[in-house]
Amino acid sequence: MITPEGLTLPITIAPRASRAGALIIDVMIIVVSLIAVALLLVWIAEGLLAGSALDPEQLSRGALEFLGIIMVLFIFAWWYGYFLVQELGPRGATLGKRITGIRIAARGGARLTPEAVIARNLLRDIEIFYPLVTLSVLAVLADTGQDIGSLGWVLTGWFLLFLLFPFFNRDALRAGDIVAGTWVVERPRGKLAAVLSTQGAATAEGASEVTGVRYDFGEAELSIYGEKELQTLERMLRDSPPEALATVHATICRKIGWDPGAGDERAFLEAFYAQLRERLEADMRFGKRKADKFS
Amino acid sequence: MKAPIISSWFGRGAVAAPPDIESAALRSDRFRLEREGDWRRLEDILARMERGGLRRIADDDLIALPALYRTAASSLSVARETSLDAATLAYLEALVQRAWFQVYGPRQGFIRWLRGFLLGGWSRAVRALWLDICIALFVMVTGTIVGWLLVAQDEAWYYRLFPAGAGETRVPGASREQLLKSLGHDEGAAGLAGFAAQLFSNNSGVCILAFALGFAFGIPSLMLLVQNMALLGAMLWLFNGQGLVVELAAWLSVHGTTELFGILLSGAAGLHIGRAMAFPGKLPVLDAAAAAGRRSAVVMVGVVIMMVVAAILEAYPRQLVEDTGSRFVIGGTMLTFWLSYFILYRPAGDAAAQEAG
């Protein structure tokens, strides 16, 4: 994706598993709340019935009809509104999508328009819900001994076609995404990590807290590794346990021809990281980049 | 699937104060520490915007947002050239992308969109589909004629089209009185609101189906139209047998002019998508489909509104007004209204909006 400022931003297409998970969460929310509202209405209707001395003839027709209207309109509004309203919001994601860390976006870096959100959600019906509902109705019919012919297979094929649709294109688009010009991407999320070069032995005058030694690496030792190794080391310094650091320590010492001691691995690695990065970044400013240890 | 970060739902964790800038040995880290405050402020504003409360954000912050976004964007491009700190680069990429969604996102609220939709957007989208509407209309008329001819040749078709339930009087061989009675009503106003809600929900569902089926190159949409209109043809044939076509037409016209128009539009919207995918013209198929899909989606929102109107008309005036002439007046008025809204209504600035949209 390229922003209007000419900056390229990498976009990660959401994994299909996340999307399936999001859909399942959303459908569960919808179904559970529909059942809850239905139970509530039944409870009110029972109250009405009790109020009319348990005589159905005495029931006010208007009141029952009103309950029915509420139910019908609620189902319609909830069914279509749930996805629509949430995806139109600033997050561009339903509750399920938010939980699985994904959102919708317009393909190719355009703005997401209300029309696109409407289009992608109207198509969801034929992709999943109609075939599923019809299939379950057919299953019940077949169970009661009725002949349903090849209709079941046709519907299964239909269902599978749309279900597998995201697997047959690079961007994992479903039919609704194609029609709306949208895709589902990972929601970027990240906390700013601490500055490594101001910690421990990585600082300019820093020395090891254990031995008091200041590690200094020469030209030859720093020219072995490149950017890839530097960033691997960064990742390890940020979140690896001491045992893993010991292994890295031993490997680096062997590579640069030092004698690996023990007990001061972290300070060594911090110092090595800071000095290697300083060197590589200085080279970058002169337009020299060393991608990895092989280049 | 990523595990949800629970802590992010319950307020933000305390942010550690950045170390002082002089202590950083690296030039790239000094660069980062100098700008970190701006990034964090941007992140904070974004978090509040994503939570949805634009009103809770101070004016200062809203005004600062574009500038902070550009700062972060330029920080990112500088950092890419000068820094090898992978964690900072990843953070900046995520931050700029989040900010991009807010700065260039759909900043048009639903109410504003709806106003634009009613005041021109809807009729413009309908006019853009004129060719598909013509095709769908042709198919619907053909469907009606086919239905009529089929039943006229073999009465068994009537039962195939209408699986008649018990107590159904509208079957071949019914007397004139029975048919006439089915056009009237016998209940008064009771139960009509529930009837209307039920009709609306059902008919909108059918229309959305007709639209969504357009994805298969529009063919299923057209088949759905033919099937629905064949019912109408069969019914016309039945009432014609007893010389009641005018009465039936009046009965139908009250809501039918709106409902059939809506069905026509949803079929046309589906066909529009199908046609764009089959014949994308100069555009890539995906782009053509997306453009057609967005245009049709506008029409479909309108169809849902038409279904609300049709359901109200069907439940109330049709059941309460019995006179053939008055029924025609209501239906004709609705038809005139829709036609003039779609064809004649072109508010000022329409051409400019069309360029933009």
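From a predicted model like this one, the values you see are computed outputs, not experimental measurements.

Student: Break down unusual backbone geometry for me, with residues and values.
Tutor: Its identity as a non-glycine residue notwithstanding, A:Ala172 has a phi of 55°, on the positive side. Summarising the element assignment, A:Ala172 is placed in the loop between α6 (151–164) and α7 (175–180). Although it is not a glycine, B:Phe217 adopts a positive phi angle of roughly 60°. By the element assignment, B:Phe217 lies in the loop between α8 (192–212) and α9 (219–241).

Student: So what's going on with the packing of aromatic side chains? Which residues, and what values?
Tutor: Residue and element names in this part refer to chain B. What the rule picks out here adds up to 23 aromatic pairs over all chains. Ring geometry for Phe117 against Trp122: centres 5.4 Å apart, planes inclined by 10°, an arrangement best described as stacked. Like Trp122, Phe117 is buried. Here the aromatic rings of Trp122 and Tyr341 are separated by 5.3 Å at their centres, their planes lie at 65°, and the arrangement is edge-to-face. Taken together, the positions of Trp122 in helix α4 (residues 110–128) and Tyr341 in helix α13 (residues 324–344) put the pair 219 residues apart, joining distant regions of the chain.

Student: Tell me what's going on with the pattern of salt bridges, and back it up with residues and numbers.
Tutor: The full count for this structure, using the stated rule, is 20 salt bridges over all chains. The closest approach of N and O atoms between A:Asp177 and A:Arg120, which form a salt bridge, is 2.9 Å. Highlighted residues: A:Asp177 in helix α7 and A:Arg120 in helix α4 (residues 114–122), separated in sequence by 57 residues. Of the charged contacts in the structure, one is a salt bridge between B:Asp85 and B:Arg32, with a shortest N-O distance of 4.0 Å.

Student: Go over the confidence of the model for chain B, please, and point to the residues and values.
Tutor: Residues and elements named next belong to chain B. Residue-level pLDDT values for chain B average 80, and 83% of them are 70 or greater. Within chain B, the element-level pLDDT minimum falls on helix α14 (residues 350–356), averaging 49, and the maximum on helix α5 (residues 130–153), averaging 91. In the model, residues 1–16 has pLDDT below 50 throughout and makes 15 contacts with residues more than four positions away in sequence or in other chains. Scoring of the predicted complex yields 0.78 for pTM and 0.80 for ipTM.

Student: How would you summarise the packing of helix α10 (residues 245–278) of chain B against helix α11 (residues 285–315) of chain B if you had to cite specific residues and measurements?
Tutor: All names here are of chain B. α11 packs onto α10 with a crossing angle of 170° between their chain directions and a minimal axis gap of 8 Å. Of the possible angle classes, the one that applies to α10 and α11 is roughly antiparallel. Residue composition of the contact of α10 with α11, by class: 20 nonpolar, seven polar and three charged.

Student: How would you sum up the environment of B:Trp148? Please name residues and give values.
Tutor: All names here are of chain B. Of note, Trp148 is situated in helix α5. Along the primary structure Trp148 and Leu180 are separated by 32 residues, whereas in three dimensions their C-alpha atoms are 20 Å apart. Contact partners of Trp148, with chain neighbours within four places excluded, come to Gly233, Ala234, Leu236, Trp237 and Asn240.

Student: Break down the interface of chain B and chain A for me, with residues and values.
Tutor: Contacts between the two partners involve 81 residues from chain B, matched on the other side by 79 residues from chain A. Both faces combined, the contact of chain B with chain A buries some 7,000 Å², and carbon together with sulfur accounts for 66% of it. Counting across the chain B and chain A interface gives three salt bridges. For the pair chain B and chain A, the number of links is 11 residue pairs in polar contact (both at pLDDT 80 or more). Secondary-structure elements contributing two or more residues to the side of chain B that touches chain A are α1 (27–50), α2 (59–82), α3 (86–103), α4, α8 and α11 of chain B.

Student: Now, about the state of the cysteines: what can you tell me, with residues and values included?
Tutor: All names here are of chain B. Applying the stated criterion across every chain yields a total of zero disulfides over all chains. Just so you know, Cys134 is unpaired, no disulfide at all, and the nearest cysteine sulfur is the one on Cys207, 19 Å from it. In this structure Cys134 comes out as partly exposed when scored by relative accessible area, which is 43%.

What counts, and at which threshold
- Residues numbered from 1 in each chain as written.
- Chains lettered and ligands numbered in written order.
- Predicted model: local features only at pLDDT ≥ 70, side-chain atom pairs only at ≥ 80, totals over all residues.
- Heavy atoms only, no water.
- Helix = DSSP H or I, 4+ residues; strand = E, 2+ residues; numbered from the N terminus.
- Phe/Tyr/Trp six-rings, centres within 6.5 Å; stacked < 30°, edge-to-face > 60°.
- Buried < 20%, exposed > 50% of the residue type's maximum accessible area, 1.4 Å probe, protein only.
- Salt bridge = Lys/Arg side-chain N within 4 Å of Asp/Glu carboxyl O.
- pLDDT = per-residue confidence, 0-100.
- Contact = heavy atoms within 4.5 Å.
- Axes fitted to C-alpha atoms, helices over the stretch in contact; angles between N-to-C directions.
- Parallel < 35°, antiparallel > 145°, perpendicular 65-115°, else oblique.
- Nonpolar A, V, L, I, M, F, W, Y, C, P; charged D, E, K, R; others polar.
- Buried area = accessible area lost by both parts, 1.4 Å probe.
- Polar contact = N/O pair within 3.5 Å; in protein donor to acceptor, adjacent residues only side chain to side chain.
- Disulfide = S-S within 2.5 Å.

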